[in-house]
Amino acid sequence: MNNRVGNWQWMVNGLSAKDNDARINDKGAGSEAADKGAHTLLAYHGESFFGLNPGFAKAAVLYGHGLGAEVKGLGSDSNLSEDAQTVRFATYGTTALASNWSIAPVLMAQRSQDRYVKDDDYGWVTLNARVVQEINQNFALAYEGSYQYMDLKPEGYNDRHAVNGSFYKLTFAPTFKVGS
């Protein structure tokens, strides 16, 4: 079910994978894989840049349980446990800074628990900003900076070890575009 009323969107999904638990555990994955799951999304689609400037902004909260706990790619991870739970928050938008400059910031955070085995815990937060300089209708320069912090506690799943820390990324991307 996916409904949109005005600026609001609400989506609900149910997932089922017959005999997924037996198929996954026969491969020795070491977890009790889910045979079903659920996923929901609540989003707001703004018609301005967070009420501050012309442009647009979007914000969403996603929740998944069991097979629905891979909230970005539904059904793409068959190893999720029947107790897996994930919550993700994301917001982004775009607005003009000047006649040929725009900015598009992003904030995303996610937390998953009991994802593959009991008591595992995965958390991360990402901040990103892209600034685009339009040179002409067919060429632009994009400058992007990202920061991500991760705290991953797999509790031994697939011999993985707990890690935490952060990284930065800077990107410069000359961009060719097809004109109308």
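Cut-offs applied
- Residues numbered from 1 in each chain as written.
- Predicted model: local features only at pLDDT ≥ 70, side-chain atom pairs only at ≥ 80, totals over all residues.
- Heavy atoms only, no water.
- Helix = DSSP H or I, 4+ residues; strand = E, 2+ residues; numbered from the N terminus.
- Buried < 20%, exposed > 50% of the residue type's maximum accessible area, 1.4 Å probe, protein only.
- Polar contact = N/O pair within 3.5 Å; in protein donor to acceptor, adjacent residues only side chain to side chain.
- Pairing = 2+ DSSP bridges.
- 1 Å grid on protein atoms, 1.4 Å probe; cavity = no way out; pocket = protein on both sides within 12 Å on 5 of 7 lines; lining within 4 Å.
- Points joined across faces, edges and corners; volume = space filled by probe spheres on them.
- Nonpolar A, V, L, I, M, F, W, Y, C, P; charged D, E, K, R; others polar.
- Phe/Tyr/Trp six-rings, centres within 6.5 Å; stacked < 30°, edge-to-face > 60°.

**Student:** Explain the side chain of Thr95 residue by residue, including any values.
**Tutor:** Position of Thr95 among the secondary structure elements: in strand E5 (residues 85-98). Using a relative accessible area of 6% as the deciding quantity, one classes Thr95 as buried. Polar contacts involving the side chain of Thr95 include one to the main-chain carbonyl oxygen of Pro54, which spans 2.5 Å.

**Student:** How would you explain the pairing of E5 if you had to name every residue and give the values?
**Tutor:** Where strand E4 (residues 56-66) and E5 come together, 10 bridges link them in antiparallel fashion. Paired with Lys58 across the two strands is Tyr92, which belongs to E5. Pairing of E5 with strand E6 (residues 101-113) involves 11 bridges; the strand directions are antiparallel. Bridge pairing in E6 links Gln85 to Gln113. Turn length for the E5-E6 hairpin, with the two strands adjacent in sequence and antiparallel, is two residues.

**Student:** If you had to explain the layout of surface pockets to someone new, which residues and values would you point to?
**Tutor:** Taken as a whole, the largest pocket holds about 300 Å³ of empty space. What lines the largest pocket is a set of 18 residues, among which Leu62, Arg88, Ala90, Tyr92 and Met108 lie closest to the centre. Among the secondary structure elements, those contributing two or more residues to the lining of the largest pocket are strand E3 (36-46), E4, E5 and strand E7 (121-136). Within the lining of the largest pocket, the residues separate by chemical class into 10 nonpolar, five polar and three charged.

**Student:** Run through the packing of aromatic side chains, naming residues and quoting values.
**Tutor:** Taken as a whole and assessed by the stated rule, the structure comprises nine aromatic pairs. Ring centres of Phe56 and Tyr92 lie 6.1 Å apart, and the angle between their planes is 85 degrees; on these two criteria the pair is classed as edge-to-face. With Phe56 in strand E4 and Tyr92 in strand E5, this residue pair connects regions lying 36 residues apart in the sequence. With a relative accessible area of 36%, Tyr92 lands in the partly exposed category. Three or more aromatic residues joined by ring pairs form one cluster here, namely Trp101, Tyr143 and Phe172.

**Student:** Before we move on, can you summarise the pairing of strand E2 (residues 8-16) with the specific residues and values?
**Tutor:** Of the strand pairs in this sheet, strand E1 (residues 2-5) and E2 are connected by four bridges, and their pairing is antiparallel. The residue of E2 that forms the bridge with Asn2 is Met11. If you look at the hairpin formed by E1 and E2, you'll find two residues sitting between the two strands, and Gly6 has a positive phi there, around 60 degrees. Direction of pairing for E2 relative to E3: antiparallel, over a ladder of nine bridges. Within the sheet, the bridge partner assigned to Leu15 lies in E3 and is Gly37.

Remember that the coordinates give geometry; whether it matters functionally is a separate question.
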